[in-house]
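Summary of structural features
Below, each chain spelled out in residue letters.
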Amino acid sequence: MATIHHETVTHRRHIIHPTDGVVTFQEEIVRPVWARRLLAGLRIVLGFTFLWPFLDKLFGLGYMTPAAKAWIHGGTPAQGFMSHAEGPFAGFFKSISGPWADWFFMAGLLGIGIAVLAGAGLKVAAWAGALLLALMYLAEFPLGTTGTYTNPLFDSHWIEAFGLAVLAATYAGDTWGVGKWWGRKVGNGILR
């Protein structure tokens, strides 16, 4: 696989740029254009999957959060979810529930949603998103419950977490996003 080399020259002197010779772009990993576009579509859908709940819980748009329970009206988006946790981890989630959890939850939804939609910071967003999804999965742990879930072990949290990992691994922000620009700024490290 070839690496695209870049040079930055300013006023007759060579400036060493941190990403010189080390930036890999999506075209080098995913060759077919149609596959890059499918990954970009997945990125947009998953990004909106995080951003929409943030907006709904913030303003109470009436989809999952009624206006009276909006965060701007004193609602508790994470505390409400955590206080209804069931299964073997219910005690843990109920014990850590508090106003700080609302702030972390809402900041996570917003940050992950914006990063994934924009296509920049996908690696950090993938790790943060996987952690958030794992915690939500454990709070609703389906193993041992009957009648509520269609699968006793896996649910959509797993699919979304793996989807985020695939997006980060394939630099999906390069297509229909700001990933290429961001990659030139930060290289291929964790901030990519």
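This text goes with the structure placed above it.
Residues numbered from 1 in each chain as written. Predicted model: local features only at pLDDT ≥ 70, side-chain atom pairs only at ≥ 80, totals over all residues. Heavy atoms only, no water.

**Points about the packing of helix H5 (residues 99-118) against helix H6 (residues 122-139)**
- Running from N to C, H5 and H6 point in directions that differ by 140°, and their axes come no closer than 9 Å. Classified by the angle between their axes, H5 and H6 sit oblique to one another. Crossing handedness for the pair H5 and H6: left-handed. Where H5 abuts H6, its residues Phe105, Leu109, Ile112, Ala115 and Val116 lie against Leu122, Ala125, Ala128, Gly129, Leu132 and Met136.
- Of the residues assigned to the contact of H5 with H6, the class counts are 10 nonpolar, 1 polar and no charged. (Axes fitted to C-alpha atoms, helices over the stretch in contact; angles between N-to-C directions. Helix = DSSP H or I, 4+ residues; strand = E, 2+ residues; numbered from the N terminus. Parallel < 35°, antiparallel > 145°, perpendicular 65-115°, else oblique. Left-handed = near helix turned anticlockwise from the far one by under 90°. Contact = heavy atoms within 4.5 Å. Nonpolar A, V, L, I, M, F, W, Y, C, P; charged D, E, K, R; others polar.)

**Section: helix H7 (residues 156-169)**
- Here H7 spans 20 Å end to end across 14 residues, near enough to the 20 Å set by a 1.5 Å rise per residue.
- Burial in H7 covers these residues: His157, Glu160, Ala161, Gly163, Leu164, Leu167 and Ala168. Mapping the buried residues of H7 onto a view down its axis gives an arc of 160°, with all of them on the same face. Of the residues in H7, the exposed ones pointing more than 90 degrees away from the buried face are Ile159, Phe162 and Ala169.
- Of the residues flanking the end of H7, it is tyrosine 171, one or two places downstream, whose phi is positive at about 50°. (Expected span 1.5 Å × (residues − 1). Buried < 20%, exposed > 50% of the residue type's maximum accessible area, 1.4 Å probe, protein only. Arc of directions from axis to C-beta.)

**Considering the layout of surface pockets**
- The space that makes up the largest pocket amounts to roughly 1,200 Å³.
- Taken together, 43 residues line the largest pocket, and the ones lying closest to its centre are Lys57, Phe81, Phe105, Leu109 and Met136.
- Those elements giving two or more residues to the lining of the largest pocket turn out to be helix H2 (33-59), helix H3 (77-83), helix H4 (90-96), H5, H6 and H7.
- Here the lining of the largest pocket gets 10 residues from one element, more than from any other, and that element is H5.
- As for the second largest pocket, its lining consists of 14 residues, of which Ala130, Ala134, His157, Ala161 and Phe162 are closest to the centre.
- The set of elements that each furnish at least two residues to the lining of the second largest pocket consists of H6 and H7.
- Among the elements that make up the lining of the second largest pocket, the one with the highest residue count is H6 (7 residues).
- Grouping the amino acids of the lining of the second largest pocket by side-chain chemistry returns 12 nonpolar, 1 polar and 1 charged. (1 Å grid on protein atoms, 1.4 Å probe; cavity = no way out; pocket = protein on both sides within 12 Å on 5 of 7 lines; lining within 4 Å. Points joined across faces, edges and corners; volume = space filled by probe spheres on them.)

**Re the nonpolar core**
- Formed by 32 residues in total, the largest nonpolar core has its most connected members in Phe50, Met106, Leu109, Val116 and Leu164.
- Those elements that provide at least two residues to this core are H2, H3, H4, H5, H6 and H7.
- Residues in contact with leucine 164, not counting those within four places in the same chain, are Leu46, Phe50, Val116, Ala125, Ala126, Gly129, Ala130 and Leu133. (Core = buried A, V, L, I, M, F, W, Y, C linked by side-chain atoms within 4.5 Å.)

**Overview of the pattern of salt bridges**
- Applying the stated rule across the entire model yields 2 salt bridges.
- Measuring nitrogen to oxygen at the nearest pair gives 2.8 Å for the salt bridge that ties lysine 180 to glutamate 27. You can see lysine 180 sitting in helix H8 (residues 179-186) and its partner glutamate 27 sitting in helix H1 (residues 26-29), a full 153 residues away along the chain.
- Overall, the relative accessible area of 25% leaves glutamate 27 in the partly exposed class.
- A salt bridge links arginine 192 to aspartate 174; the nearest nitrogen and oxygen atoms lie 2.9 Å apart. Here aspartate 174 lies in the loop between H7 and H8 and arginine 192 lies in the segment after H8, a separation of 18 residues in the sequence.
- A residue is classified by how much of its surface remains accessible, and arginine 192, at 3% relative accessible area, is buried.
- Relative accessible area serves as the criterion here: at 7%, aspartate 174 is assigned to the buried category. (Salt bridge = Lys/Arg side-chain N within 4 Å of Asp/Glu carboxyl O.)

**Quick look at the packing of H6 against H7**
- It is the contact of H6 with H7, at a shortest axis distance of 9 Å, that shows an interaxial angle of 170°. Judged by the inter-axis angle, H6 sits roughly antiparallel to H7. Contact residues: Leu122, Lys123, Ala125, Ala126, Gly129, Ala130, Leu133, Met136 and Tyr137 in H6; His157, Trp158, Glu160, Ala161, Leu164, Ala165, Leu167 and Ala168 in H7.
- When grouped by side-chain class, the residues that make up the contact of H6 with H7 number 13 nonpolar, 2 polar and 2 charged.

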